[in-house]
Amino acid sequence: MDKKLYFGTNLKMYKTIEETVSYLKKLVENTKDISRDEIELFVIPSYTSLSAAVTSVDRSFIKLGAQNMCWEDQGQFTGEISPLMLKELALDMVMIGHSERRHVFGEKDREENLKVKASLAHGFDTLLCIGETLEEKEYGISPEILRTQLKVGFHGVSREQADKIKVAYEPVWSIGVNGIPASAEYAEEMHKVIKNCLEELFGEKSAEIPVLYGGSVNPGNAEAMIVQPSIDGLFTGRAAWQADDFDKLIRQAMNAYEKR
Ligand SMILES: O=C(CO)COP(=O)(O)O
């Protein structure tokens, strides 16, 4: 393989502690034979599952992340989870700005930026999710939206911190049960916009930043997506929530990438 491929899933508000642990164990067992020099695999479970999750699997096979994080270490922030609490769990990764955080819970770019900076300051791998709404796409302003989300989201982040960053491009209109999968051509076009913007922000260090595609990834489109030159990985929801299905999807994508 001439580049590492990234495969991740966000479990959203699904799976109990027990279900998460058995899912993780099975996923590691199934994918153990795949060299981790070729892929990076990560799972982002619910908060309540995290402490059981971190001790249930060998973390050299699978990275574990949190779905959100407060930018403050402590304080009067009822219902929030601080970086110190996540550090206590020795988590690998924090996801910031998922579409559902932005569009169901009203998070804005400015907040995502505070969270990104806090996450990096605490040494977490930091996955920033970005994506345009259908309305923005129809106005023809997707590139402007993506550039804004990146420039505000990474404002004040140094080039030295670039090796801790990942980006997931998830068009809002393509996510979830009512999502319309993006075409691979459209996804590639937007990934190019993202890569160009990352280069403006981080110079040659941007080459180290993986950009994953997410939004209705499934066995029918995984191959077409992964062979695109600017797509470095797949960030999957529903199609990855059974360990066997995720394992198959990973192998299918790896084969397609090798044969491209
Ligand atoms: O939101 C997603 C991953 O974070 C994608 O979800 P789906 O693959 O279910 O559309």
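- As recorded by an unreviewed UniProt entry, the protein chain carries the name Triosephosphate isomerase and is attributed to Kineothrix alysoides.
- Here is the UniProt Catalytic activity (unreviewed entry) comment for the protein chain, exactly as written: "D-glyceraldehyde 3-phosphate = dihydroxyacetone phosphate".
- The Subunit (unreviewed entry) field of the UniProt record for the protein chain holds the comment "Homodimer."

1. Describing the pattern of salt bridges
Here comes step 1: One pass over the full model with this rule turns up 20 salt bridges.
Here comes step 2: The shortest N-O distance in the salt bridge between R59 and D92 comes to 3.1 Å. With a gap of 33 residues between them, R59 in the loop between α2 (47–56) and β3 (63–66) and D92 in the loop between α3 (83–88) and β4 (93–96) connect regions that are remote in the sequence.
Here comes step 3: With relative accessibility at 22%, the residue D92 sits in the partly exposed group.
Here comes step 4: Via salt bridges that share partners, E40, K63, D125, K164 and K166 belong to a single interconnected network.

2. Concerning the site of the ligand
Here comes step 1: Contacts to the ligand come from N10, K12, H98, E170, I175, G176, G215, S216, F235, T236, G237 and R238.
Here comes step 2: With respect to the ligand, the side chain of H98 contributes an N or O atom lying 2.9 Å from an oxygen atom.
Here comes step 3: With respect to the ligand, the backbone of G176 contributes an N or O atom lying 2.8 Å from an oxygen atom.
Here comes step 4: Notes on the ligand: free accessible area 310 Å², of which the protein chains cover 99%.
Here comes step 5: A per-class count over the shell around the ligand returns 2 nonpolar, 7 polar and 3 charged.

3. Some points on the pairing of strand β7 (residues 211–214)
Here comes step 1: Of the two faces of β7, the one carrying V211 and Y213 and the one carrying L212 and G214 are both buried.
Here comes step 2: Bridging between strand β6 (residues 165–169) and β7 involves 3 bridges; their strand directions are parallel. Bridging across to β7, Y169 finds its partner in Y213.
Here comes step 3: With helix α8 (residues 184–202) bridging β6 and its parallel neighbour β7, the resulting β-α-β unit is right-handed.
Here comes step 4: Judged from the 3 bridges that link them, β7 and strand β8 (residues 233–236) form a sheet pairing that is parallel.

4. Structural notes on the sheet that holds β3
Here comes step 1: The strand order β1-β2-β3-β4-β5-β6-β7-β8 describes a closed barrel built from 8 strands, whose pairing is parallel. On average, each strand axis in the sheet is inclined to that of its neighbour by 25°, with strand direction left out of account.
Here comes step 2: By the bridge criterion, 2 bridges tie β3 to β4 in an arrangement that is parallel. The residue of β4 that forms the bridge with G65 is M93.
Here comes step 3: Across the sheet, helix α10 (residues 243–259) touches β1 (5–10), β2 (39–44) and β8, and the angle it forms with β1 is around 155°.

5. Some points on the packing of helix α7 (residues 142–153) against α8
Here comes step 1: Packing of α7 against α8 brings their axes to within 10 Å, and their N-to-C directions diverge by 40°. As judged from the angle between their axes, α7 and α8 are oblique. Crossing of α7 against α8: the hand is right-handed. Where α7 abuts α8, its residues S142, P143, L146, R147, L150 and K151 lie against Y186, M190, V193, I194, C197, L198, E200 and L201.
Here comes step 2: Its residues placed into classes, the contact of α7 with α8 shows 10 nonpolar, 1 polar and 3 charged.

Cut-off values and rules
Residues numbered from 1 in each chain as written. Predicted model: local features only at pLDDT ≥ 70, side-chain atom pairs only at ≥ 80, totals over all residues. Heavy atoms only, no water. UniProt positions renumbered as here; feature names shortened; annotations may be inferred. Salt bridge = Lys/Arg side-chain N within 4 Å of Asp/Glu carboxyl O. Helix = DSSP H or I, 4+ residues; strand = E, 2+ residues; numbered from the N terminus. Buried < 20%, exposed > 50% of the residue type's maximum accessible area, 1.4 Å probe, protein only. Near = heavy atom within 4 Å. Polar contact = N/O pair within 3.5 Å; in protein donor to acceptor, adjacent residues only side chain to side chain. Areas by Shrake-Rupley, 256 points an atom, 1.4 Å probe, with all protein chains shown as cover. Nonpolar A, V, L, I, M, F, W, Y, C, P; charged D, E, K, R; others polar. Pairing = 2+ DSSP bridges. Right-handed = clockwise from strand over helix to strand, strands pointing away. Axes fitted to C-alpha atoms, helices over the stretch in contact; angles between N-to-C directions. Contact = heavy atoms within 4.5 Å. Parallel < 35°, antiparallel > 145°, perpendicular 65-115°, else oblique. Left-handed = near helix turned anticlockwise from the far one by under 90°.

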